[in-house]
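# Observations on the model geometry
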Amino acid sequence: MTESEVRAAGNDLRRAATIRDVAAHAGVSKSVVSRVLRDEPNVSEERRTRVREAMAELGYRPNSIARGLSQSRSGTVGVVINDLRNPWYVDLLEGLATTFDAVDIAPLLVDARLDHRVGRDTVETLLSRQVDGLVVVGTSDARVAVERAARSVPVVLAGTVEPDLPTVDVAVDDDLVGARLATAHLLGLGHRRLAHLQGPGVVGELRRKGFEDTVADAGAVGVVDYSGMTEEGGHAAAARLLDSSDPPTAIVAFNDMACLGALSAADERGLSVPGDLSLIGYDDTQLAKLRHISLTSVDNGNFTVGVQAAKMLLARAERLDAPRRTYRHTPDLVVRRTTSAPRAAG
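Note on numbering: residues in each chain are counted from 1, in written sequence order. The predicted nature of this model means local features are confined to residues of pLDDT at least 70 and side-chain atom pairs, given and counted, to a pLDDT of 80 or more, with totals for whole chains, interfaces and linings taken over all residues. Note: side-chain values were computed over all heavy atoms of the structure, leaving out hydrogens and water.

## Quick notes on the confidence of the model for the protein
Note that predicted coordinates carrying low pLDDT should not be read in detail. Confidence in the prediction of the protein, expressed as mean pLDDT, is 87, and 88% of residues score 70 or more. Note on residues 1-14: pLDDT under 50 across the span, and 16 contacts to partners over four residues away in sequence or across chains. By definition, pLDDT measures how confident the predictor is in each residue, and it falls between 0 and 100. In what follows, a contact means two residues having at least one pair of non-hydrogen atoms within 4.5 Å.

## Quick notes on the sheet that holds strand S11 (residues 326-329)
Read across the open sheet, the six strands follow the order S2-S1-S3-S4-S5-S11; overall the sheet is parallel. Only two strands of the sheet have a single neighbouring strand rather than two, namely strand S2 (106-111) and S11. Averaged over all adjacent pairs, the angle separating strand axes in this sheet is 15°, with direction ignored. Of the pairings in the sheet, the one linking strand S4 (residues 155-158) to strand S5 (residues 169-173) comprises three bridges and is parallel in character. Following the sheet pairing, Val156 is matched in S5 by Asp169. DSSP-based pairing: two strands are paired if at least 2 bridges between them are found. Numbered from the N terminus, helices here are DSSP runs of H or I no shorter than four residues, and strands are runs of E no shorter than two. All axes are obtained by fitting lines to C-alpha atoms, using only the stretch in contact for helices, and the reported angles, taken between N-to-C directions, cover 0 to 180 degrees.

## Quick notes on the nonpolar core
Val79, Leu92, Leu96, Phe100, Val135 and Val137 are the most contacted members of the largest nonpolar core, which has 25 residues in total. Among the secondary structure elements, those contributing two or more residues to this core are strand S1 (76-81), helix H6 (89-101), strand S3 (134-137), S4 and helix H15 (302-316). It is H15 that contributes the most residues to this core, six residues altogether. Residues from two domains meet in this core; each of domain 2 (76-173 + 302-329) and domain 3 (175-300) gives at least three. For Phe100, the contacting residues outside a window of four places in its chain are Val77, Ile105, Val135, Ala310, Leu313 and Leu314. The term nonpolar core refers to a set of buried residues drawn from Ala, Val, Leu, Ile, Met, Phe, Trp, Tyr and Cys, joined through side-chain atoms within 4.5 Å. Working definition: with a 1.4 Å probe on protein chains only, accessible area under 20% of the residue-type maximum means buried, over 50% means exposed, and in between means partly exposed. Judged by nonpolar contacts, the second largest core, of 20 residues, contains Leu127, Val136, Val161 and Val168. Reported domain spans reflect what an automatic or database domain assignment gives.

Below is the structure:
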């Protein structure tokens, strides 16, 4: 399924009647609708009739899994973000929110980076608020806390494969394929001295492997420098590479943020992009799509990954000890203005 098809499906979910719609249509509170759904006796017959009529008129179909999840404690799902400053989360969160909203579950977002700065345990904080599930978005080092949480609530990883736990589902893109796509594009343009800005964790290792394997298969030269996930890290790593005795003519960055740092490093050295240096990011964020930047980037289907992560969480609510499932999205390369043939080949 393409991202546009999944977005259409997500829009269909958004258009489907929710408990809020039923409550507004019947002129009652959401809690009254919930009590009618549970067939509780403390609702007047007149209100019960109005709610049932509203359900029929709106075509409301309660999701049994989601209803059980939302009734268990709070009707909320905790979403742990590693660093909200990174724009790659936006589409993924939209996919999560669209799917959860359709079944009246509210995502509760927390930034693990900020929690860490003030000495707060992100996962424990969410569990203390009685969330009904947990989605961990992006690379995290909270293995012990996530493993403990998975014993009591459904947990899903989105956009990361860490921590590797037997009852925690995973929704990601295929990082190995994505890095291969980016590298093969540059090789096809004629580049033979390439560099990769490596990111953290297993995802970083997979993207590095995709880069190195593709370069080796082509008999080209490939070097790697660690950048992390930030613009500052990308700038520092690219500066080292560009100031070396044999600088690359093309760079594949771990993500769009690191790639923007590389773009700044090239500009500071009077290098034109893509004339002197071709650049490829990863994540295809809104920054990459800005006309002034127009960054070639790997589209890792974050909206789709978010939708699938939410669906996995709803399904896991039925059975916490079910074997792990993995959804792996096949990425695409979106070619824009930051890549071209090297000058020597042109």
